[in-house]
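The primary structure of each chain is shown beneath.
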Amino acid sequence: MVISTVRDRRLVLVEHELLARGREHEEWRGNHFQRKLEKIQTDQLFQSSFAQSESKSGSSAAVAGVPGIGKTTMVQKIVYDWATGKIYQHFQFVFSFKFRDLNSINCRINLRELILDQYPYFWNVLGEVWKNPEGLLFIFDGLDEFKHRLNFADSRRDTEPQHMCPDPEWWCEVSDIVYSLIQHKLLPGCSVLVTTRPTALHLLEKAEISVWAEILGFVGEERKEYFNRFFEDQTVAAAVFKHVEENEILYTMSYNPSYCWILGLALGPFFTQRHRDPQRVPKTITQLYSCYIYNILRNHGHEIESPRDVLLRVGQMAFTGVSDKKIVFTDGDLIKYNLQPSQFLSGFLMELLEREDCSRSAVYTFPHLTIQEFVAALAQFLAPHPGDILKLLTEAHSTTDGRFEVFLHFVAGLSSPGSARGLEEFLGPFPHQTTCRVIDWVKEEVKRQIGNRWKEGGKRSLLNTLHYLFESQNPGLTQAALGSVDTLSFCGLRLTPIDCAVLSHVIGLCDTINHLDLDCCYVQCEGLQRLGPALHKCRELRLDNNKLGDPGVKLVSAALRDPECKIQRLGLGANSLTHSCTEDLASALSTNRSLTNLDLGGNKLGDSGLKLLSAALRYPDCKIQKLGLGANCLTDSCTEHLVSVLSAIPSLTDLCLRSNALTDQSIPALRHLILTCRSLERIWLERNPFSYTGAMELESLQRSRPRLSVEV
């Protein structure tokens, strides 16, 4: 499945691409339902309603996807379905190339020779093939792996003879052929499909792409279906999926098929052992990957003398790859790090064949980018010179493109005895000095980011360091790092359920955090569910503009009912709340003894919702001082009821009723409230359809006593 969109595809990476896509995954699903995005099948790539142009010279489509999401599998399925007559029958010929194979071409070549190199049986028919370019589809897979220069912003390609490629017999660089096909300079009328990781999307920014798409991965029940097929024993499948579903860290990343494969391999043994310990089932990504590597070491570690030494060398190669954004390694790389193909090494690296002239050579890649990142982190943690770790961590954290984000999560997580325990059986003890230095670095980095949290990018950096605390699973470290922090504000920063789980973990361990500002964080109900256990500990809780809906209020109400609830100020504005949620909220308010400030503005409670809510405000123990009911579809029908309730609240100082539908009919009731509620200091009534005379009458009431403000 892919999502087709006309949104700006320029990608400025400030976080790891896998996390970024996981962060956007649920948003894209929501936008699809709102028709801002289009969900399409692979056979609709060249007929999307979101296509940016209807070019007569052909169509080019770009499909992006994070590592392991299924780009190459999609290409294989397109070719297979075309060959078996299921899709794209208007194409007479489909030519599929891997950019990785094109890297071996270092001399000038033409399109004819390029095709014959891979499809030699076309040698006597290509002349006829060129005559109908509309019947041709060219597929280029893996732009992010292409080492040749491909710049669509360089206008010289269209004017300088050495870069031009006007016909299939023209000799030029392989990059010029790709460029000319995508731009419809070569064989106008043909169609082109390019796949890439998001990290290389910027290369296509100026290209003539009519359809932009991204592979969405698993949605909804498809994740559960994957585990049902992965395990023969459906009891084990259900248990593994239940654990993943209940663990927000694991679940949010399970949209990726390759990640589900890792989950299945790592978690399966825990649910097939008769006497398993539930406390040892992985809960963090570091623990998960520790189990994955442990299984490799247990199955293949006996085949070599020193698994630790080999793993260190594999890890150094992996780290260089993370640093250079490199995921494909050659025989030369193995020789450089003194590695030889073996059964043990095959547990970490997959061997792939690539074409090179008339022969075939092998290249190697980790099964998934995150496995490469974990092995890189493990090698750095086990390095014989622990003094280098602080410099490495500081340099990695200072990068701004997100390439080291998951790597740093792993390093922090490896400082936890729970993550290291199984691996030490084969790799020996983890250096105590390194563990101490990593813990100290995390503590100081958290403190530094707290000091910088008001700067541009500071909120995201602070959130990243809180993830380090979560991965470390070290309560003492969390308490020491956050110290006397009183406020956590991530206002305006999009948070995933993973982020919410991390915040809940942190707040649960630190009694000093009194203020949590999550205004405009796109938390939604799922994120709020992850935050639930910690909500009652905050004195000030801002959850405005989060699309919580009525189900979200049930979670907030549960926090208000907690006997140890400390919430004094609660913001629930602009959350699409209706009258359906007010009964549950009223029930919670009737037992709560801490709340003094409640903002419900910008919702749709209506008159019926207000009447239900006001029932809770009648209780003698009600301490409400500030009540926000602006923009809630209130009419004259509710004012007398509202006034009768509010007039009896001796603590009420501020009342907001702006932007409703109150008319002059409500003036007598409002006048009564203003004159009889002696504690009232401010009342906002602007943007209601009062007559000029009525507005003047209300405004004049502020002269009835000092310090009274009536805004009309």
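To start, this report covers the structure provided alongside it. (Residues numbered from 1 in each chain as written. Predicted model: local features only at pLDDT ≥ 70, side-chain atom pairs only at ≥ 80, totals over all residues. Heavy atoms only, no water.)

Below, the discussion takes up the packing of aromatic side chains. All chains considered together, the criterion is met by 34 aromatic pairs. On the numbers, 6.2 Å between centres and 85° between planes, the contact of Tyr-119 with Phe-122 is edge-to-face. Residue Tyr-119 shares its accessibility class with Phe-122, and that shared class is buried. Look at Tyr-226 and Phe-227: their rings are 5.7 Å apart centre to centre, the planes differ by 85°, and that puts the pair in the edge-to-face class. Aromatic rings pair up to connect Phe-93, Phe-95, Phe-97, Phe-99, Tyr-119, Tyr-121, Phe-122, Phe-138, Phe-140 and Phe-146 into one cluster. If you follow Arg-494 out to its NZ or CZ, it ends over the ring of Tyr-522, 4.1 Å from the centre. (Phe/Tyr/Trp six-rings, centres within 6.5 Å; stacked < 30°, edge-to-face > 60°. Buried < 20%, exposed > 50% of the residue type's maximum accessible area, 1.4 Å probe, protein only. Lys NZ or Arg CZ within 6 Å of the ring centre and 35° of its normal.)

So, on to helix 23 (residues 497-509). The terminal C-alpha atoms of helix 23, which comprises 13 residues, lie 19 Å apart, in line with the 18 Å expected from a rise of 1.5 Å per residue. Burial within helix 23 is extensive, with 11 of its 13 residues counted as buried. Along helix 23, the positions that sit buried rather than exposed are Pro-497, Ile-498, Asp-499, Cys-500, Ala-501, Val-502, Leu-503, Ser-504, His-505, Val-506 and Ile-507. (Helix = DSSP H or I, 4+ residues; strand = E, 2+ residues; numbered from the N terminus. Expected span 1.5 Å × (residues − 1).)

Our next topic: the sheet that holds strand 11 (residues 487-489). Here we have nine strands laid out as an open sheet, ordered 11-12-13-14-15-16-17-18-19, and parallel in their pairing. The two strands at the open ends of the sheet, each matched to only one other strand, are strand 11 and strand 19 (709-711). Direction aside, the axes of adjacent strands within the sheet are offset by 5° on average. (Pairing = 2+ DSSP bridges. Axes fitted to C-alpha atoms, helices over the stretch in contact; angles between N-to-C directions.)

Here we take up the packing of helix 20 (residues 432-451) against helix 21 (residues 458-472). Packed helices, taken two at a time, are described by the angle between their axes plus the distance between the axes. Following both chains from N to C, one finds helix 20 and helix 21 inclined at 155°, their axes separated by 9 Å at the closest point. Judged on the interaxial angle alone, helix 21 and helix 20 are roughly antiparallel. Crossing handedness for the pair helix 20 and helix 21: left-handed. Here Trp-441, Val-442, Glu-445, Val-446, Gln-449 and Ile-450 of helix 20 come into contact with helix 21, specifically with Gly-458, Ser-461, Leu-462, Thr-465, Tyr-468 and Leu-469. Counted by class, the contact of helix 20 with helix 21 contains seven nonpolar, four polar and one charged residues. (Parallel < 35°, antiparallel > 145°, perpendicular 65-115°, else oblique. Left-handed = near helix turned anticlockwise from the far one by under 90°. Contact = heavy atoms within 4.5 Å. Nonpolar A, V, L, I, M, F, W, Y, C, P; charged D, E, K, R; others polar.)

Take helix 25 (residues 549-561) next. For helix 25, built from 13 residues, the straight-helix expectation of 18 Å at 1.5 Å per residue is met to within 8% by its first-to-last C-alpha distance of 19 Å. Every buried residue of helix 25 is accounted for by Gly-549, Asp-550, Gly-552, Val-553, Val-556, Ser-557, Ala-559 and Leu-560. Around the axis of helix 25, the buried residues are gathered within 155° of arc, so they sit on the same side. Against the buried residues of helix 25 lie helix 24 (524-535), strand 14 (569-571) and helix 26 (582-591). (Arc of directions from axis to C-beta.)

Attention shifts here to the pairing of strand 3 (residues 60-64). A large share of strand 3 lies buried, amounting to five of its five residues. Neither face of strand 3 is exposed, since Ser-60, Ala-62 and Ala-64 on one face and Ala-61 and Val-63 on the opposite face are all buried. In this structure, strand 3 lies alongside strand 6 (residues 191-196), joined through five bridges in parallel fashion. Each residue of the ladder has a partner; that of Ala-61, found in strand 6, is Leu-193.

A few words now on the side chain of Ser-614. Within the secondary structure, Ser-614 sits in helix 27 (residues 606-617). A distance of 2.8 Å separates a polar atom in the side chain of Ser-614 from a polar atom in the side chain of His-641. Sequence-distant contacts of Ser-614, that is, excluding residues within four places in its chain, are made with His-641 and Val-645. (Polar contact = N/O pair within 3.5 Å; in protein donor to acceptor, adjacent residues only side chain to side chain.)

There is about 1,300 Å³ of room inside the largest pocket. Forming the boundary of the largest pocket are 41 residues, of which Gly-68, Ile-69, Gly-70, Lys-71 and Thr-73 lie nearest the centre. If you list the elements that add at least two residues to the lining of the largest pocket, you get helix 2 (71-83), helix 7 (222-230), helix 10 (257-272), strand 9 (350-356) and helix 15 (369-382). The element that contributes the greatest number of residues to the lining of the largest pocket is helix 2, accounting for six residues. (1 Å grid on protein atoms, 1.4 Å probe; cavity = no way out; pocket = protein on both sides within 12 Å on 5 of 7 lines; lining within 4 Å. Points joined across faces, edges and corners; volume = space filled by probe spheres on them.)

Once that is clear, we can look at empty space enclosed by the protein. The final tally for this structure, using the stated rule, is six cavities of 30 Å³ or more. The volume enclosed by the second largest cavity comes to roughly 120 Å³. Lining the second largest cavity we find 13 residues, and of these Leu-589, Asn-592, Cys-622, Lys-623 and Ile-624 sit closest to its centre. Elements that contribute at least two residues to the lining of the second largest cavity include exactly helix 26 and helix 27.

Moving on, we get to the pattern of salt bridges. Applying the stated criterion to the full structure yields 23 salt bridges. We note a salt bridge from Arg-100 to Glu-145, for which the minimum N-O separation is 2.7 Å. Separated by 45 residues along the polypeptide, Arg-100 in helix 3 (residues 99-102) and Glu-145 in the loop between strand 5 (136-141) and helix 6 (174-182) bring together distant segments of the chain. With a closest N to O distance of 3.0 Å, Asp-333 and Lys-326 form a salt bridge. Relative accessible area serves as the criterion here: at 13%, Asp-333 is assigned to the buried category. Within the structure, one salt-bridge network assembled from shared partners comprises Asp-517, Asp-519, Arg-542 and Asp-544. (Salt bridge = Lys/Arg side-chain N within 4 Å of Asp/Glu carboxyl O.)

Attention now moves to the packing of helix 26 against helix 27. At a minimum axis separation of 7 Å, helix 26 and helix 27 run at an interaxial angle of 10°. Taken together, the axes of helix 26 and helix 27 are roughly parallel relative to one another. Pair helix 26 / helix 27 crosses with right-handed handedness. Here Thr-582, Glu-583, Leu-585, Ala-586, Leu-589 and Ser-590 of helix 26 come into contact with helix 27, specifically with Gly-609, Leu-612, Leu-613 and Ala-616. Among the residues forming the contact of helix 26 with helix 27, the class breakdown is six nonpolar, three polar and one charged.

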